[in-house]
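# Summary of structural features
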Amino acid sequence: MKNNEDSLVIYRLKKGEEKAYVSLVDLYSKRLFGYALSLTHDHAQSQDIVQNVFLKTWVKRKKLDIHSSLQNFLFKSVYNEFINQYKKKRSTMVLEQKYFNSLEKAVLLQDDHSFERILDQISKEISQLPPKCQQIFILSKKEGLTNSEISAYLNVSLKNVEAQITKAYGILRDRLGKKYKIIMMIVFGKDPSKVI
């Protein structure tokens, strides 16, 4: 596409014209899929990346600020989406490994029945945290997001995220008591008594 054609498509997208969006998808989907496939070597993941790029382009259409060509913008978006998925996948794998290692250590400390009971109690207490506090704690400790990622995802300040996590640990420490301290440390990687 030439620059004036790009500008027209962007203008039409910003106005919310679905026909412009459909023609954009028709024009670029195969090329973007081919590019995504060269990065991932995975058919399903490549489709997912391209779909996310088009979806984000539509959702953020009113704020589109494209300085290069529309094609360059879309290819760069595919690359960024690939990097985001790669980082998330890698952090999830690391988190899962830590979790399984933690479980193994915990099992050595407790018999199966008492450990299962403690985990159930921890899950129950997490589910009773205040809604925002619970959401941030789960994103941090179960989903493995960094405080910065949570801040961006929920559109709240970094200090707010840190405060909510500290609050969650404080509530869990008070409710669960000393006998859960070791398991909390192993499962969540932090001594709740050190968080004030």
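The model shown is predicted, which means the values in this text are computed figures rather than measured ones.

Packing of helix H2 (residues 18-40) against helix H3 (residues 43-59) brings their axes to within 8 Å, and their N-to-C directions diverge by 145°. As H2 packs across H3, the resulting crossing turns out to be right-handed. Across the interface between the two elements, Glu18, Tyr21, Leu24, Val25, Tyr28, Ser29, Leu32, Phe33, Ala36, Leu37 and Thr40 from H2 touch His43, Gln45, Ser46, Gln47, Ile49, Val50, Phe54, Leu55, Thr57 and Trp58 from H3. For the contact of H2 with H3, the residue count by class is 13 nonpolar, seven polar and one charged.

On to the pattern of salt bridges, then. Enumeration over the complete set of coordinates arrives at four salt bridges. For the salt bridge of Lys56 with Glu81, the shortest nitrogen-to-oxygen distance reads 2.6 Å. Here the residue Lys56 occupies a position in helix H3, and Glu81 occupies one in helix H4 (residues 70-109), the gap between them amounting to 25 residues. A relative accessible area of 40% places Lys56 in the partly exposed class. Its relative accessible area of 7% is what places Glu81 among the buried residues. Three or more residues are tied together by salt bridges with common partners; here these are Arg12, Lys15 and Glu17.

To describe a pair of aromatic rings, one takes the distance between the centres and the angle between the planes. The full count for this structure, using the stated rule, is three aromatic pairs. Arranged with centres 5.2 Å apart and planes meeting at 45°, the rings of Tyr35 and Phe75 form a pair that is tilted. Residue Tyr35 is located in helix H2, and its partner Phe75 is located in helix H4; the two are separated by 40 residues in the primary sequence. Over the aromatic face of Trp58 sits the side chain of Arg61, whose NZ or CZ is 3.9 Å from the ring centroid.

Within the largest apolar cluster, 20 residues are counted, with the highest numbers of intra-cluster contacts made by Leu13, Leu24, Tyr28, Leu32, Phe54, Leu70 and Leu74. Going through the elements one at a time, helix H1 (3-14), H2, H3 and H4 are the ones with two or more residues in this core. Ranked by the residues each element gives to this core, the list is headed by H2, at six residues. Membership of the second largest hydrophobic core comes to 18 residues, among which are Leu139, Ile150, Val156 and Ile171.

Moving on, we come to the side chain of Glu125. Looking at the element boundaries, Glu125 is found in helix H5 (residues 112-127). Sequence-distant contacts of Glu125, that is, excluding residues within four places in its chain, are made with Leu172, Arg175 and Leu176.

Moving on, we come to the environment of Glu143. Among the structural elements, Glu143 can be located in the loop between helix H6 (131-141) and helix H7 (147-154). Along the chain, Glu143 and Lys88 lie 55 residues apart, while their C-alpha atoms are 9.4 Å from each other.

This part is about H6. Turning to H6, its buried residues are Cys133, Ile136, Phe137, Leu139 and Ser140. All buried residues of H6 project into a common sector of 165° when viewed along the axis, lining one side.

Attention now moves to unusual backbone geometry. You will see that His41, though not glycine, has its phi angle at about 60°, which is positive. Inspection of the secondary structure puts His41 in the loop between H2 and H3. One non-glycine residue, Asn155, lies in the positive phi region at around 55°. Position of Asn155 among the secondary structure elements: in the loop between H7 and helix H8 (158-176). Assessed through its relative accessible area of 70%, Asn155 is described here as exposed.

Quick notes on the rules
Each chain has its residues counted from 1, running along the sequence as written. Note on the predicted model: pLDDT of at least 70 is required for a residue's local features to be given, and 80 or more for side-chain atom pairs to be given and counted; whole-chain, interface and lining totals, by contrast, use all residues. Think of the side-chain values as coming from all heavy atoms in the structure, minus any hydrogens and water. As a rule, the C-alpha atoms of each element are fitted with a line to give its axis, helices using only the stretch in contact, and angles between N-to-C directions run from 0 to 180 degrees. Note on conventions: DSSP H or I runs of at least 4 residues are helices, E runs of at least 2 residues are strands, and numbering of each starts at the N terminus. In a left-handed crossing the near helix is turned counterclockwise from the far helix by less than a right angle, and in a right-handed crossing that turn is clockwise. It only takes one pair of heavy atoms within 4.5 Å for two residues to be counted as in contact. Each residue is assigned to one class: nonpolar for Ala, Val, Leu, Ile, Met, Phe, Trp, Tyr, Cys and Pro, charged for Asp, Glu, Lys and Arg, and polar for all the others, Gly among them. We count a salt bridge whenever a side-chain nitrogen from Lys or Arg sits within 4 Å of a carboxyl oxygen from Asp or Glu. Whether a residue is buried, partly exposed or exposed follows from its accessible area with a 1.4 Å probe, protein chains only, as a fraction of its type maximum: under 20%, in between, or over 50%, in that order. For Phe, Tyr and Trp, rings pair up if their centres lie within 6.5 Å, where Trp contributes its six-membered ring, and each pair is then called stacked (planes under 30 degrees apart), edge-to-face (over 60) or tilted (otherwise). Geometrically, a charge over a ring is one whose NZ (Lys) or CZ (Arg) sits within 6 Å of the ring centre while staying within 35 degrees of the ring normal. Throughout this description, the term nonpolar core refers to a set of buried Ala, Val, Leu, Ile, Met, Phe, Trp, Tyr and Cys residues connected via side-chain atoms within 4.5 Å. The arc under discussion is defined with respect to the helix axis, by the directions toward the C-beta atoms.

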